[in-house]
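Here's the letter readout for the chains.
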Amino acid sequence: MCGIVAYIGHREAYPVVLKGLKRLEYRGYDSTGVALLNGGSLKVYKKKGKVAELEDFVLGKDLKSHISIGHTRWATHGEPNDRNAHPQLSGDGKLAMVHNGIIENYAQLKQELLNKGHQFTSDTDTEVLIHFIQEIKSSNQCSTEEAVRIALKRVVGAYVILIVDEDDPDTLIAARKGSPLVIGVGKGEHFLASDASPIVEYTKEVVYVNDYEIAIVKADELILKNISNEIQTPYIQKLDMELAAIEKGGYAHFMLKEIFEQPQTIFDSLRGRLDAKGGKLTLGGLREHMDLLKEANRIIIVACGTSWHAGLVAEYMIEELCRIPVEVEYASEFRYRNPVVGKGDVIIAVSQSGETADTLVAMESAKEKGAIILGVCNVVGSSIARLSNGGVYTHAGPEIGVASTKAFTAQLAVLSLIGLKIAQEKGTITAQRFQHLLDELESVSEKVATALQLNAQIKKIAEKYKDARDFLYLGRGYNFPIALEGALKLKEISYIHAEGYPAAEMKHGPIALVDEQLPVVFVATKDSYYEKIVSNIQEIKARKGKVLAVTTEGDQVIPAMADDVIVVPEADELVAPIISVIPLQLLAYHIGVLKGYDVDKPRNLAKSVTVE
Ligand code: G6P
């Protein structure tokens, strides 16, 4: 979703900001723009469409500047067009602003401004806010910084804003509440962005700005203040990210690169935590919460999208291993239905980006009610990670492809560790089973590497099925959430309608869809549900459905029934989802590519959904 980027310093600002916008493209957007300040002259260029279109548009134009703000917009208020693209200008044309988030009380503010004679040229909440700031500035005769502070006290919603001021061409003003803002600190220069990807090639020193903080940024000075105008000391951290991690490195797409990185990323998510030989498991981020976890009345997992599917697998696992009731909630529903939650409940928020607005808001409300919050996040320093009382990072590295792949398997690995650790501490698992599962997790990276060798076979299968109109994905037990995830992957990047279902529940509706045209993907690895799922396959075959089955090495029954078979290495059923999802990721990838779609940036989707 919207990305913001800015530069101030000794370099030419436009190329830095343009490159930054390209790095942020993965977040999903539909228009883009930049503002450049050169002495007292402010220039704004913006365009509907991709960054490349903006690049063409500015050819031959005056781009000289050492201070610039840029934006990729994912439309919320007003359709994607040139007018609604950011930056937006104040009424006097002196302030330019880019904004990520939503100003919820914008209609009320707009009415007040209309009453004062302001005129608007866009449909955005952003233009309302910059007019409001300018109105305060001129009526109070104060600085832009002061006006921003006063304005933000009235604003309801989530935002990160960047402002340049024609009357103060050596200063950038930034502020955040609820949306991410990272500042890269260089020598005589600063870089600002929604995440670290536009910054990493210039500096590894970064400051994560907190909610309700305002940054006053000059080339060689960074001042942070809170909303009460008190100076805050910037906490400079070392960025744990390499440039190679955000480049394609020879792969056709980020998605394919990230699928193939999984043996390594799963290994990284277990590293330093799992010691199978020593029979030990260490999760530092949970240590001080272990008593609460052992005694928890309930664990409630809140998440969205793919992360929600990881939560579903964890539900099966934690209930089985720890004997604690687990609920898995869509964060957006959990937040708004006034749930019964309080002391004694443990919330686990699962999120790749750590910025998903629904998940954040759900956590905030559960925290207010007295629940303890743990985070399972990929992005270090993200809002969800910072709001959590404790937690475990997934360490999958930056995920650029919009469709989540390596972050999902890292979530599964980390959630298994959490389940195992609680079970061990609670004494609900035998020493033998504990050791067996440690060994299984230890070998899972290698099995994932084996599953990736199926790539060429899966590409052929993709060619066979790419023109299907609908797909059904079925699984049982631990593989049911994998069926949901397989269907989601296909929908996201190939735009084919796909439904995931528990294989038995299929008889209560979806079976009506089955005919010789419908591919039905069964996730049918050897587990305690195996016999049952064999019957479900027969039910589909009896109705002439096309069966594509993911099975385990050595299985002779399912290959005799299915039209196509993908054979993955055997694993304990708790660990098997980490392996069985691999062919489904590859299938979706190849179908998307064969259909000619941009699999890294599918239409309408955003990598990080920062609005509720
Ligand atoms: C978006 C992304 C999905 C992701 C979901 C939750 O919809 O496109 O890939 O699963 O958000 O994101 P999170 O960052 O919280 O895991």
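Because the structure is a prediction, the values reported are computed rather than measured.

Engineer: Explain the overall build of the protein residue by residue, including any values.
Structural biologist: The helix and strand inventory of the protein stands at 20 helices and 27 strands. For the protein, the C-alpha radius of gyration of 25 Å lies close to 25 Å, the compact-globule estimate for 612 residues. Once the C-alpha set of the protein is aligned to its principal axes, its extents read approximately 80 × 55 × 45 Å. Per-residue burial for the protein yields a buried fraction of 61% across its 612 residues.

Engineer: Outline the nonpolar core, supporting the account with residue identities and numerical values.
Structural biologist: Core analysis: the largest hydrophobic core is formed by 93 residues, its most contacted members being Ile299, Phe471 and Tyr473. Residues contacting Ile299, with those up to four places away along its chain left out, are Leu293, Ile318, Ile324, Pro325, Val326, Glu327, Val346, Ile348 and Ile422.

Engineer: How would you summarise the domain arrangement of the protein if you had to cite specific residues and measurements?
Structural biologist: Size of an interface: often given as the accessible area lost when the parts come together. Along its sequence, the protein is carved into domain 1 (3–244), domain 2 (248–447) and domain 3 (453–602). Taking the mean C-alpha position of each, domain 1 and domain 2 sit 33 Å from one another. With 9 residues of domain 1 at the interface, the matching set in domain 2 holds 11 residues. When the two sides are added together, the surface that domain 1 and domain 2 hide from each other amounts to roughly 820 Å², 49% of it contributed by carbon and sulfur. Summed over the shared surface of domain 1 and domain 2, the number is 0 salt bridges. Counted by class, the side of domain 1 that touches domain 2 contains 6 nonpolar, 2 polar and 1 charged residues.

Engineer: Tell me what's going on with the site of the ligand, and back it up with residues and numbers.
Structural biologist: Near the ligand you find 13 residues, and of these Ser307, Ser351, Gln352, Ser353 and Thr356 are the closest. Summarising the interface, the protein chains cover 91% of the accessible area of the ligand, which totals 390 Å² for the free molecule. Looking at the shell around the ligand residue by residue, the classes come out as 4 nonpolar, 8 polar and 1 charged.

Engineer: Tell me about the packing of aromatic side chains, and please be specific about residues and values.
Structural biologist: One pass over the structure, following the stated rule, counts 8 aromatic pairs. Taken together, a centroid distance of 4.4 Å and an interplanar angle of 40 degrees make the contact between Tyr495 and Tyr597 tilted. One end of the pair, Tyr495, is in the loop between helix H17 (480–494) and strand E24 (497–502); the other, Tyr597, is in the segment after helix H20 (576–594), with 102 residues separating them in the sequence. Joined through ring pairs, the aromatic side chains of Tyr7, Phe191 and Tyr202 make up one cluster. Directly above the ring of Phe57 sits Lys47, whose terminal nitrogen or CZ lies 4.8 Å from the centroid. The side chain of Lys50 reaches across the aromatic face of Tyr29, ending 4.5 Å from its centre.

Engineer: Tell me about helix H18 (residues 530–541), and please be specific about residues and values.
Structural biologist: For H18, built from 12 residues, the straight-helix expectation of 16 Å at 1.5 Å per residue is met to within 8% by its first-to-last C-alpha distance of 17 Å. Of the residues making up H18, those classed as buried are Tyr530, Ile533, Val534, Asn536, Ile537 and Ile540. Looking straight down H18, one finds its buried side chains confined to an arc of 160 degrees; they lie on one side. Those residues of H18 that are exposed and aimed more than 90 degrees away from the buried face are Glu531 and Lys532. On its buried face, H18 sits against strand E23 (470–475), strand E25 (519–523), strand E26 (546–552) and helix H19 (557–561).

Engineer: Could you give me a rundown of a negative patch on the surface, with the residues and numbers involved?
Structural biologist: A cluster of acidic residues, Glu104, Glu364, Glu368 and Glu612, forms a negative patch on the protein surface. Among the structural elements, Glu612 can be located in the segment after H20. Classification of Glu612 as partly exposed rests on a relative accessible area of 45%.

Engineer: Quick one: what's the story with the pattern of salt bridges, residue by residue and with numbers?
Structural biologist: Per the stated rule, a full pass over the model turns up 39 salt bridges. Across the pair Lys43 and Asp62 runs a salt bridge whose closest N-O atoms are separated by 3.6 Å. Here the residue Lys43 occupies a position in strand E3 (residues 41–48), and Asp62 occupies one in the loop between helix H2 (51–57) and strand E4 (67–73), the gap between them amounting to 19 residues. Since its relative accessible area comes to 26%, Lys43 is described here as partly exposed.

Engineer: Describe unusual backbone geometry, naming the residues involved and giving the relevant values.
Structural biologist: Most peptide bonds take the trans configuration, and most residues that are not glycine carry a negative phi. The amide bond that connects His86 to the next residue, Pro87, takes the cis arrangement and shows omega of 5 degrees. Within the secondary structure, Pro87 is located in the loop between E4 and strand E5 (88–89). A positive phi angle is found at Tyr495, which is not glycine, with a value near 60 degrees. A positive phi is found at Lys544, a non-glycine position, where the angle reads about 70 degrees. As for its position among the elements, Lys544 is in the loop between H18 and E26.

Engineer: Outline helix H9 (residues 305–322), listing residues and values.
Structural biologist: Taking 1.5 Å per residue as the helical rise, H9 with its 18 residues ought to reach 26 Å, and the 25 Å between its terminal C-alpha atoms agrees with that figure. For H9, the tally of buried residues reaches 13 of 18 residues, placing the bulk of the element in the interior. Among the residues trailing H9, Arg323 stands out with phi positive, at a value near 55 degrees.

Engineer: Outline the packing of helix H3 (residues 106–115) against helix H4 (residues 125–140), listing residues and values.
Structural biologist: Running from amino to carboxyl end, H3 crosses H4 at an angle of 50 degrees, the nearest separation of the two axes being 9 Å. In terms of axis orientation, H3 runs oblique to H4. The element H3 and its partner H4 pack so that their crossing is left-handed. On H4, the residues touching Tyr106, Leu109, Lys110, Glu112 and Leu113 of H3 are Asp125, Val128, His131, Phe132 and Glu135.

Rules behind the numbers
- Residues numbered from 1 in each chain as written.
- Predicted model: local features only at pLDDT ≥ 70, side-chain atom pairs only at ≥ 80, totals over all residues.
- Heavy atoms only, no water.
- Helix = DSSP H or I, 4+ residues; strand = E, 2+ residues; numbered from the N terminus.
- Rg over C-alpha atoms; globule rule 2.2 N^0.38 Å.
- Buried < 20%, exposed > 50% of the residue type's maximum accessible area, 1.4 Å probe, protein only.
- Core = buried A, V, L, I, M, F, W, Y, C linked by side-chain atoms within 4.5 Å.
- Contact = heavy atoms within 4.5 Å.
- Domains from an automatic or database assignment.
- Buried area = accessible area lost by both parts, 1.4 Å probe.
- Salt bridge = Lys/Arg side-chain N within 4 Å of Asp/Glu carboxyl O.
- Nonpolar A, V, L, I, M, F, W, Y, C, P; charged D, E, K, R; others polar.
- Near = heavy atom within 4 Å.
- Areas by Shrake-Rupley, 256 points an atom, 1.4 Å probe, with all protein chains shown as cover.
- Phe/Tyr/Trp six-rings, centres within 6.5 Å; stacked < 30°, edge-to-face > 60°.
- Lys NZ or Arg CZ within 6 Å of the ring centre and 35° of its normal.
- Expected span 1.5 Å × (residues − 1).
- Arc of directions from axis to C-beta.
- Patch = residues over 30% accessible without salt bridge, like charges linked within 9 Å, V, L, I, M, F, W, Y side chains within 5 Å.
- Lys, Arg positive; Asp, Glu negative; His and termini not counted.
- Charge placed at Lys NZ, Arg CZ, Asp CG, Glu CD.
- Axes fitted to C-alpha atoms, helices over the stretch in contact; angles between N-to-C directions.
- Parallel < 35°, antiparallel > 145°, perpendicular 65-115°, else oblique.
- Left-handed = near helix turned anticlockwise from the far one by under 90°.

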